[in-house]
Amino acid sequence: MAFSSAATPTLNGTVGPGFTISLKDSKGKKVKTLKAGSYKFVITDKADIHTFDVKQTSGGKFHKEITSAGFTGKKTVTIKLSKGKWRFYCNVHPTEMFGNFTVN
Ligand SMILES: [Cu+2]
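Residues numbered from 1 in each chain as written. Predicted model: local features only at pLDDT ≥ 70, side-chain atom pairs only at ≥ 80, totals over all residues.

Some points on the overall build of the protein
- Across its full length, the protein holds 0 helices and 9 strands.
- The linear arrangement of helices and strands in the protein, starting from the amino end, is β-β-β-β-β-β-β-β-β.
- Relative to its length of 104 residues, the protein is compact, with a C-alpha radius of gyration of 14 Å against a globular reference of 13 Å.
- Projected onto its principal axes, the C-alpha coordinates of the protein cover approximately 45 × 30 × 20 Å.
- The proportion of buried residues among the 104 residues of the protein is 22%.
- Long-range contacts, defined as pairs at least 24 residues apart, comprise 63% of the intrachain contacts of the protein with a sequence gap of at least 6. (Helix = DSSP H or I, 4+ residues; strand = E, 2+ residues; numbered from the N terminus. Rg over C-alpha atoms; globule rule 2.2 N^0.38 Å. Buried ≥ 20, exposed ≤ 12 C-beta atoms within 10 Å, placed from the backbone. Contact = placed C-beta atoms within 7 Å.)

This is the structure we're talking about:
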């Protein structure tokens, strides 16, 4: 095998159907803590009424709406996560549909 730098880890996010949202690692475990660095977010949006947003809530400022309302399907983006508190959520239903994780 060719010598190469470590691959960017993949995180799998799903929003919908229904009022559900999740973010899991490549082993299928819910994301609770991550090491700082770049991650490939693969988001599957199963409902056109929801969004999948990622936001840093402490330790820095970052916000990206990866999938928007009206969209269903898959999108992949690479995000560099810096130390702090992070949240993924639906921007239409932010108080019902969210999860938090910590980057160390
Ligand atoms: Cu929603």
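What about the environment of Trp 86?
- Note on placement: Trp 86 falls in strand E8 (residues 84–89).
- The sequence separation of Trp 86 and Gly 99 amounts to 13 residues, and the corresponding C-alpha distance is 8.6 Å.

As for the sheet that holds strand E1 (residues 10–15)
- With mixed pairing, 4 strands are arranged side by side in an open sheet as E2-E1-E4-E7. Single-partner strands in this sheet number two, and they are strand E2 (21–24) and strand E7 (73–81). Here the strands of the sheet are splayed against their neighbours by 20° on average, with no regard to which way each runs. (Pairing = 2+ DSSP bridges. Axes fitted to C-alpha atoms, helices over the stretch in contact; angles between N-to-C directions.)

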